[in-house]
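# Fold and contact review
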Amino acid sequence: MFSVLIPVYNHQDYVADAVQSALASPLVHEVLLADDGSSDESRSVIARLAAERSGRVRDLTPPEGGNIGAHARLNQLAEAAGQPWLAVLNSDDIFVPARFEAVQMAVNRTRYDFVTGHIALMDDGGAPLGIKRGPLSPEFPFPREMKVRDHLAEHDLLPILANQNFIATTSNMLFSKRLYQKIGGFRDYRYVHDWDFALRAALLGNVLFLPQILVRYRTHASNTIKEDGSAVTTEVRRLFKKIAGEYAESFSMTDVKAGLAGNRYLREEGV
């Protein structure tokens, strides 16, 4: 039922654990990996994993190599995927047991085509750091007028995502290939390709917040989002300017405007 997509960049010490966490579920038909121009031994590790598990693990690193960005590698892997559902896993993260079974149960009885949930945080060595419960434990307070629990009950994640990226990482996303194709794939953003994809999923698909842990997210000094804060802000503003222009009617709705009004990245700039 599931294809797992793992873009890899300088994670030679983590990628084997990532792959093993995906293979632990019989619902995962294939694990697709592609190196994105790593300077460490990641490419060799990927080749070894594919040779050892040739029935389920595929190395799709192009011969010419090169660094084209996580969004482009994800699109490459998604296009090659043969299963109806896709799950992204960053090469330093780990799936938790039974996550695919829980998602399968949820989508089999519903019409959802995008699923996200809680995240267990861990440090560089894998020690637990706590749990991020999405909009139930937000990074920033929501505006008072936002009825977050009502939005969750109605499976309306757009106003919440307009306020902040509670999904936090592509590793916390599962979606149908049909929705991926409808959305048009991941866009060329360095920091917010996950947020952009989730917003468009909320606009074009049927999204579900599943209140259970789906992934273990590794925090360390080289996490991309910890880079230049001003660059992140600039990119977030570019994202919202573009998507609000494309979906003007949806972004003019009262609930969505309330979310935007409290978005910390947009307070100095109208969208």
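Let us look at the structure shown here. Bear in mind the structure is a predicted one, so any value in this text is a computation, not a measurement.

### What to know about the overall build of the protein chain
Along the protein chain, the regular secondary structure elements total 11 helices and 9 strands. Taken against the 2.2 N^0.38 rule, which gives 18 Å for 271 residues, the C-alpha radius of gyration of the protein chain at 18 Å falls within 12% of a compact globule. For the protein chain, the spread of C-alpha atoms along the three principal axes comes to 55 × 40 × 35 Å. Sequence-distant contacts, at least 24 apart, represent 77% of the contacts inside the protein chain between residues at least 6 apart. Of the roughly 12100 Å² that the protein chain leaves accessible, carbon and sulfur atoms contribute 49%.

### Focus on the pairing of strand E6 (residues 114-122)
Among the 9 residues in E6, 8 count as buried, and that is most of the element. Of the strand pairs in this sheet, E6 and strand E8 (residues 174-176) are connected by 2 bridges, and their pairing is antiparallel. In the strand pairing of E8, Phe114 is matched with Phe175. Across 9 bridges, the pairing between E6 and strand E9 (residues 207-218) is parallel. Following the sheet pairing, Thr116 is matched in E9 by Phe209. Two elements, E6 and strand E7 (residues 128-132), share 4 bridges in a ladder whose sense is antiparallel. Directly across from Leu121, in E7, lies its bridge partner Gly130.

### Concerning unusual backbone geometry
The backbone of Ala98 shows a phi angle near 70 degrees, a positive value even though the residue is not glycine. Assignment of secondary structure puts Ala98 in the loop between strand E5 (94-95) and helix H4 (99-108). At His155, a residue that is not glycine, the phi angle is positive and equals roughly 55 degrees. Mapped onto the elements of the fold, His155 is located in the loop between helix H5 (148-153) and helix H6 (158-163). Classification of His155 as partly exposed rests on a relative accessible area of 32%.

### Some details on the environment of Ser39
Within the secondary structure, Ser39 sits in the loop between strand E2 (28-35) and helix H2 (42-52). For Ser39, a relative accessible area of 68% corresponds to the exposed category. The sequence separation of Ser39 and Gln12 amounts to 27 residues, and the corresponding C-alpha distance is 9.8 Å.

Parameters at a glance
- Residues numbered from 1 in each chain as written.
- Predicted model: local features only at pLDDT ≥ 70, side-chain atom pairs only at ≥ 80, totals over all residues.
- Heavy atoms only, no water.
- Helix = DSSP H or I, 4+ residues; strand = E, 2+ residues; numbered from the N terminus.
- Rg over C-alpha atoms; globule rule 2.2 N^0.38 Å.
- Contact = heavy atoms within 4.5 Å.
- Areas by Shrake-Rupley, 256 points an atom, 1.4 Å probe, with all protein chains shown as cover.
- Buried < 20%, exposed > 50% of the residue type's maximum accessible area, 1.4 Å probe, protein only.
- Pairing = 2+ DSSP bridges.

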